[in-house]
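These are the residues of each chain, in order.
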There are 2 protein chains.
Amino acid sequence: MANKNWILMVTAQTPTNIAVIKYWGKRDETLILPINDSISVTLDPEHLCTTTTVAVSPSFESDKMWLNGKEISLSGGRYQSCLREIRRRANDVEDEEKGISIKKQDWDNLKVHIASFNNFPTAAGLASSAAGFACLVYSLAKLMNVKEEQGKLSAIARQGSGSACRSLFGGFVKWIMGKEANGSDSMAVQLATETHWDDLVIIIAVVSSRQKETSSTSGMRESVETSPLLHYRSKEVVPKRILQMEEAIKTRDFPSFAKLTCTDSNQFHAVCLDTSPPIFYMNDTSHRIISYMEKWNRSQGTPQVAYTFDAGPNAVLIAPNRKVATLLLQRLLFYFPPSADTDLSSFVIGDKSLLKDAGINAMDDVEALTPPPEVQDNIPSQKSKGDVSYFICTRPGKGPVLFADDSQALLHPETGLPK
Amino acid sequence: MANKNWILMVTAQTPTNIAVIKYWGKRDETLILPINDSISVTLDPEHLCTTTTVAVSPSFESDKMWLNGKEISLSGGRYQSCLREIRRRANDVEDEEKGISIKKQDWDNLKVHIASFNNFPTAAGLASSAAGFACLVYSLAKLMNVKEEQGKLSAIARQGSGSACRSLFGGFVKWIMGKEANGSDSMAVQLATETHWDDLVIIIAVVSSRQKETSSTSGMRESVETSPLLHYRSKEVVPKRILQMEEAIKTRDFPSFAKLTCTDSNQFHAVCLDTSPPIFYMNDTSHRIISYMEKWNRSQGTPQVAYTFDAGPNAVLIAPNRKVATLLLQRLLFYFPPSADTDLSSFVIGDKSLLKDAGINAMDDVEALTPPPEVQDNIPSQKSKGDVSYFICTRPGKGPVLFADDSQALLHPETGLPK
């Protein structure tokens, strides 16, 4: 380490995830240990992911981080936990090409620069912290040659943001709550890869809201402290649902999967309402989405679509296959057309091929949509233009990936500052 | 009974009531037996009541009923239960003045005419069925000289509409769920009269809604069948709250009363959300009312106001005294001003003297209202004119009353038809 001018970098990409059996409530606030297991679907990073570059250099004077180009403080306990836990597991690193040699004990004194970028609007309430902390931990682990398996890394990411642990794997993931006081067994495991059930199609409705939302951190703390129903949920209801959901995923049983997903989302929001003061994450638009989906499901006698809502008004809708997803997109555009000043290409983003399948090539096609059969006797009196800001079409996706070269790095290879 | 032209009439008035510990869920659908006790406050019949005239005559050919001037069918099981149970308990009636003598056994063959009128809009979702069935049973019992005490009558009214049993008493009322399979011990008892705690002031916000609501009958059936949380609520949570609420009422402990009222309303709505498919009675306006009240309560360190919502979006707000009620009305008018085409006299109804206390004599005074201190750093960006249709100012009130003469009767004394 005689030459102080070298910079070593790693760039990785990590997906976000949506819980289908919800995490709500911690038994340990600092270690972020949950009061029940949870299960999630990892979302395709092509449409929703975080990219993070971590760099180390003897010339760096302090740990620094930039999120979406803006410097943010790393002083928070959650960042510090992740940095400390990864540094503690660092190993020797040799880069013969660049002539860099870092010894295990050097890591304590070396500072890192971190740049992170979300390929989706952070303001949309799409759980960017899950992908963010997963990517931070994953990329730091690669940089520092940490040899722990993915599950152990997930237990570190968990200390940044609980749901981040589930973003360390693709496909279908369970966060096991664990029993140890030190949290060592509270980690994610993969239930099935994304290829196990690759028919599923996911459409996210980003719902407009003028309400400021309660953060999930303070919200779940208040629920633990005040909701009598939460404790019954975590002890009596969730354990059974976890087993049922594992079975539904294993057997690709969409009706069971959908029923469990919807009822668990609703129960999570019920617990929020049972909190003092009550927490409302869903709004009238969210309620209308649920009502339309329930009506469609009932009219067919079997679930066509599953819905789930996290700590905000956005709906995540899961269809069993492309054919049903096309019908779903038609319904969504019929009920929630864009406001006058929005163009179609920014109103439906992600996998736009679904638009074509739905026969929608221009705004005129949206306006020409006819009411779905299940509402033909009772057509909604008022279409609410602009109640949904936009839709993201996606699917279950893979876990973290490391980029082989530095061309996609977010930090400059010579200055270690954001590009 | 030789002369067939006589008509004997009774007119009575019965209040509506608002539950502060909620009734949600039946263990017997036909007898209307609940899964938990509930407690309510009877509302002043001056502002919210049902008036019912029942008449009997040998000239009547069938049982008939008119509600708000329109004939309705009595064939439903609930009307039939009330009529049957009252007839079964009928006694001899003598009216010397009119020369009428009815023997106990005659009642089986005599037909009745019933006319009922609500002094508040039925479409407003203000539980008109509670006052309605209470008044039906009470007036029929008077007409037929039924000698059962009020509690026994409440058990009959219960078979018309569960919450009707609580409208047989003024003040503060408990509906004891009972244990008997035949429902004989499932009845209302008075916890305290309306004079026991006569400082309380109640303001009802009638919230505009474009959603069609789930009826409470089908809603609670679906909750019983599908909500895992409801059973925990009824068995573990409500019994404790009933004891605490009885104590709060007994000692006029407003902070406890308010806390229990709010948390129980929220838990009832939580259980609705935990139902499959989920039931939403509150809308964004309801949520905003709660948020404003919670913010006010927190800013003062002790509850200023209690809120509770039944099976609809309307808020029932309870203030400990007139002074706080004045502050409450100012806040409500600040947050929810009327739409442009509404005049003040139809926007605030009931006890209008509260308006004067609040210094509001004209629309200009509403527009001149300044933000409450608790929001001065964070004034709502958008006032939503018309989100509340109107406010009703009222208070706890008395139980059923019988009108001494027929001047207020709704049926014509000679024809037995609606006036």
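As the structure is a computational prediction, the values presented were derived from the model and not from experiment.

The rules behind the values
Residues numbered from 1 in each chain as written. Chains lettered and ligands numbered in written order. Predicted model: local features only at pLDDT ≥ 70, side-chain atom pairs only at ≥ 80, totals over all residues. Heavy atoms only, no water. Contact = heavy atoms within 4.5 Å. Buried area = accessible area lost by both parts, 1.4 Å probe. Salt bridge = Lys/Arg side-chain N within 4 Å of Asp/Glu carboxyl O. Polar contact = N/O pair within 3.5 Å; in protein donor to acceptor, adjacent residues only side chain to side chain. Helix = DSSP H or I, 4+ residues; strand = E, 2+ residues; numbered from the N terminus. Pairing = 2+ DSSP bridges. Axes fitted to C-alpha atoms, helices over the stretch in contact; angles between N-to-C directions. Domains from an automatic or database assignment. Expected span 1.5 Å × (residues − 1). Buried < 20%, exposed > 50% of the residue type's maximum accessible area, 1.4 Å probe, protein only. Least-squares fit on C-alpha atoms with pLDDT ≥ 70 in both.

On to the interface of chain A and chain B, then. Often, the extent of an interface is quoted as the loss of accessible area upon association of its parts. Taken residue by residue, the interface counts 33 residues in chain A and 33 residues in chain B. Taken together, the two surfaces of chain A and chain B that pack against each other cover about 2,700 Å², and 61% of this comes from carbon and sulfur. Put simply, chain A and chain B have 0 salt bridges between them. Linking chain A with chain B are 3 residue pairs in polar contact (both at pLDDT 80 or more). Of all the elements in the fold, those that place two or more residues in the side of chain A that touches chain B are α5 (228–250), α6 (254–273) and α7 (284–300) of chain A.

Here we come to the sheet that holds strand β2 (residues 17–21) of chain B. All names here are of chain B. Spatially, 4 strands are ordered β2-β5-β12-β13 in an open sheet, and the strand pairing comes out antiparallel. Each of the sheet's edge strands pairs with one partner strand only, and the pair in question is β2 and β13 (187–192). Between one strand axis and the next, the sheet turns by 35° as a mean value, whatever way the strands run. Examined bridge by bridge, strand β12 (residues 172–176) and β13 share 5 bridges and lie antiparallel to one another. Across the sheet, Lys 174 pairs through a bridge with Val 189, a residue of β13. Strands β2 and β5 (38–42) of the sheet are contacted by helix α6 (residues 254–273), whose axis makes an angle of about 95° with β2.

Moving on, we come to the domain arrangement of chain A. All names here are of chain A. Taken as a whole, chain A is organised into domain 1 (8–193 + 404–408) and domain 2 (201–394). Here the C-alpha centroids of domain 1 and domain 2 sit 28 Å apart. With both sides pooled, the region where domain 1 packs onto domain 2 buries about 2,800 Å², and carbon together with sulfur makes up 72% of that total. Looking only at domain 1, the three residues that lose the most surface to domain 2 are Ile 21, Lys 22 and Trp 24, adding up to 29% of its buried area. In this assembly, domain 1 and domain 2 are joined by 3 salt bridges.

So, on to the environment of Ala 90 of chain A. Residue and element names in this part refer to chain A. Examined against the element boundaries, Ala 90 turns out to sit in the loop between α1 (77–88) and β9 (93–95). Ala 90 sits 16 residues away from Asp 106 along the chain, and the two C-alpha atoms are 9.3 Å apart. For Ala 90, the residues in contact, after removing those within four places along its chain, are Lys 104, Trp 107, Met 144 and Val 146.

Given a rise of 1.5 Å per residue, 20 residues ought to cover 28 Å, and the 28 Å separating the end C-alpha atoms of α6 of chain A matches this to within 8%. Counted residue by residue, α6 of chain A has 17 buried out of 20 residues, so it is predominantly covered.

Mapping between the two copies of the chain is achieved by a rotation about an axis and a shift along the axis. Once turned by 180° and shifted 0.0 Å along the axis, chain A lies on chain B with an RMSD of 0.0 Å. Here the two chains are linked by the operation of a two-fold rotation axis. Closest approach to the rotation axis within chain A is made by the C-alpha atom of Ala 270 of chain A, at a distance of 2.0 Å. In this assembly the copies share their binding face: 100% of the residues contributing to the interface of chain A also contribute to that of chain B.

Residue and element names in this part refer to chain A. Summarising the element assignment, Thr 14 is placed in strand β1 (residues 8–15). Thr 14 gets classed as buried once you look at its relative accessible area, which sits at 0%. Discounting chain neighbours no more than four positions away, the residues touching Thr 14 are Cys 49, Thr 50, Ala 131, Ala 134, Cys 135, Ser 167 and Pro 400.

Once that is clear, we can look at the sheet that holds strand β1 (residues 8–15) of chain B. All names here are of chain B. Here we have 6 strands laid out as an open sheet, ordered β8-β7-β11-β6-β1-β19, and mixed in their pairing. Each having just a single partner strand, β8 (70–72) and β19 (401–402) make up the two edges of the open sheet. For β1 and strand β6 (residues 49–57), the ladder comprises 8 bridges, and the chain directions are antiparallel. Residue pairing in the sheet places Ala 12 in a bridge with Thr 52 of β6. In this fold helix α1 (residues 77–88) packs onto β7 (64–67), β8 and β11 (111–118), with an angle of close to 125° to the strand it touches most, β11.

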